[in-house]
Amino acid sequence: MSKLKNKVAVITGGNSGIGFGIAEAFKNAGASGAIVGRNQETLKRAASQLGDGFIAINGDVTNPGDLERMMRNTSEQFGKIDILVANAGAGTTGTVADISESDYDKTMDLNLKSVYFTVQKALPYMADGSSIILIGSNAAHRAYPSFGLYGAAKAAVIFLAKSFSNDLLDRKIRVNVITPGTTDTPAFDKFVPAEQIEALKTHFAGTMPIGRIGQPSDIGKTAVFLASDDSSFLLGAELLVDGGMTYLAK
Ligand SMILES: NC(=O)c1ccc[n+]([C@@H]2O[C@H](COP(=O)([O-])OP(=O)(O)OC[C@H]3O[C@@H](n4cnc5c(N)ncnc54)[C@H](OP(=O)(O)O)[C@@H]3O)[C@@H](O)[C@H]2O)c1
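Not measured: the values here are computed from a predicted model.

Visitor: Hey, could you run me through the overall build of the protein in this one?
Guide: Scanning the protein for helices and strands turns up seven helices and seven strands. On C-alpha atoms alone, the protein measures out to a radius of gyration of 17 Å, which is about the 18 Å that the 2.2 N^0.38 rule sets for 250 residues. Along the first, second and third principal axes, the C-alpha atoms of the protein reach 45 × 40 × 40 Å. Expressed as a percentage of the 250 residues in the protein, the buried residues total 47%. By sequence separation, contacts in the protein at least 24 residues apart represent 70% of the contacts at least 6 residues apart. For the protein, the computed accessible surface area is about 11900 Å², with 53% contributed by carbon and sulfur atoms. Computed over 24 positive and 25 negative side-chain charges, the inter-centroid distance for the protein is 5 Å.

Shown next, in the form of structure tokens:
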């Protein structure tokens, strides 16, 4: 219950899916803080579900000016930031034969550049000894059809956990990365029509060695571990939270 007592967290994309699962797990572990997103309606709903101790900040993580404002607002409200989760992101599809330069830039801006500057803009407000958690994807390890560019961005994010940790050694800030496999979130809505979503989830569950797809709470539990002193010897580590789907042949 109190593993994160008195800790202040910022969770980008905390108004939906995995980010909300992380925010809920942090709240249950005693933390307070801010969730960040652009959709005013889901921000409001998520903040009211989290209740006292959490605020919602509207902003675009691809805009460094917004990122600076989010971190400053959180620090003004809570006095510090102890935990940062760079979670906002989205899968995009296309192949090397058809992705346009503008699609390329959008994919990289959201899934890689935003992570870099989320961390950079938070640093002046973060306490020494803080924990930073990045969110990768198993698409960084296996070449799924049409997810190549997204996978490349996430592979770079996984690398950044190591290089950021190295950059921040003198401040004892630990940076680690969680790599989810297929997880039950509203992201499914972006890829198939509403009436096909349940069938797609059932199909994925059948392909998973563990027999089900992940839940945001599975990622939330892992994030509490990485945010707390329980993981004090982990630095630049990747935790694959994927029910075995990446490396176990079924
Ligand atoms: N679900 C999976 O199977 C899966 C697997 C591997 C990795 N992941 C990764 O997990 C992370 C969360 O995904 P999810 O499945 O939870 O998706 P989701 O439910 O669609 O949530 C994505 C979140 O990111 C926020 N976001 C997107 N673009 C943003 C922007 N420009 N500025 C600010 N916030 C932005 C969204 O909020 P707004 O729309 O309000 O901006 C939303 O809160 C992503 O990095 C994704 O790549 C997901």
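Visitor: Just to check I follow, could you spell out the site of the ligand for this structure?
Guide: Close to the ligand lie 29 residues; Asn15, Ser16, Arg38, Tyr150 and Thr185 are nearest. At 2.6 Å from an oxygen atom of the ligand is found a side-chain nitrogen or oxygen belonging to Arg38. Asp60 places a polar side-chain atom, nitrogen or oxygen, 2.8 Å from a nitrogen atom of the ligand. About the coverage of the ligand: the protein hides 90% of its 870 Å² of free accessible area.

Visitor: What exactly am I supposed to notice about a nonpolar patch on the surface here?
Guide: The grouping of Leu240, Tyr247 and Leu248 at the surface amounts to a nonpolar patch, some 310 Å² of accessible area in total. Checked against the element boundaries, Leu248 lands in the segment after strand S7 (238–241).

Visitor: Even after reading the chapter, I still don't get the packing of aromatic side chains, so can you show me in this structure?
Guide: Given two aromatic rings, their pairing is described by the distance between the two centres and the angle made by the two planes. One pass over the structure, following the stated rule, counts five aromatic pairs. Ring centres 5.6 Å apart and planes at 55° place the aromatic pair Phe147 and Phe191 in the tilted group. Note that Phe147 is positioned in the loop between strand S5 (126–135) and helix H5 (148–167) and Phe191 in the loop between strand S6 (174–180) and helix H6 (197–207), a separation of 44 residues in sequence. Seen in terms of ring centroids, Phe188 and Phe204 are 6.2 Å apart; in terms of plane orientation they differ by 70°. Their pairing is edge-to-face. Placement of Phe188 in the loop between S6 and H6 and of Phe204 in helix H6 is noted, with a sequence separation of 16 residues between them. Overall, Phe204 belongs to the partly exposed group, its relative accessible area being 25%. A connected cluster of aromatic rings, assembled from ring pairs, spans Tyr116, Phe117 and Phe164. Note that Lys201 overlies the ring of Phe188, its terminal NZ or CZ placed 5.4 Å from the centroid.

The rules we used
Residues numbered from 1 in each chain as written. Predicted model: local features only at pLDDT ≥ 70, side-chain atom pairs only at ≥ 80, totals over all residues. Heavy atoms only, no water. Helix = DSSP H or I, 4+ residues; strand = E, 2+ residues; numbered from the N terminus. Rg over C-alpha atoms; globule rule 2.2 N^0.38 Å. Buried < 20%, exposed > 50% of the residue type's maximum accessible area, 1.4 Å probe, protein only. Contact = heavy atoms within 4.5 Å. Areas by Shrake-Rupley, 256 points an atom, 1.4 Å probe, with all protein chains shown as cover. Lys, Arg positive; Asp, Glu negative; His and termini not counted. Charge placed at Lys NZ, Arg CZ, Asp CG, Glu CD. Near = heavy atom within 4 Å. Polar contact = N/O pair within 3.5 Å; in protein donor to acceptor, adjacent residues only side chain to side chain. Patch = residues over 30% accessible without salt bridge, like charges linked within 9 Å, V, L, I, M, F, W, Y side chains within 5 Å. Salt bridge = Lys/Arg side-chain N within 4 Å of Asp/Glu carboxyl O. Phe/Tyr/Trp six-rings, centres within 6.5 Å; stacked < 30°, edge-to-face > 60°. Lys NZ or Arg CZ within 6 Å of the ring centre and 35° of its normal.

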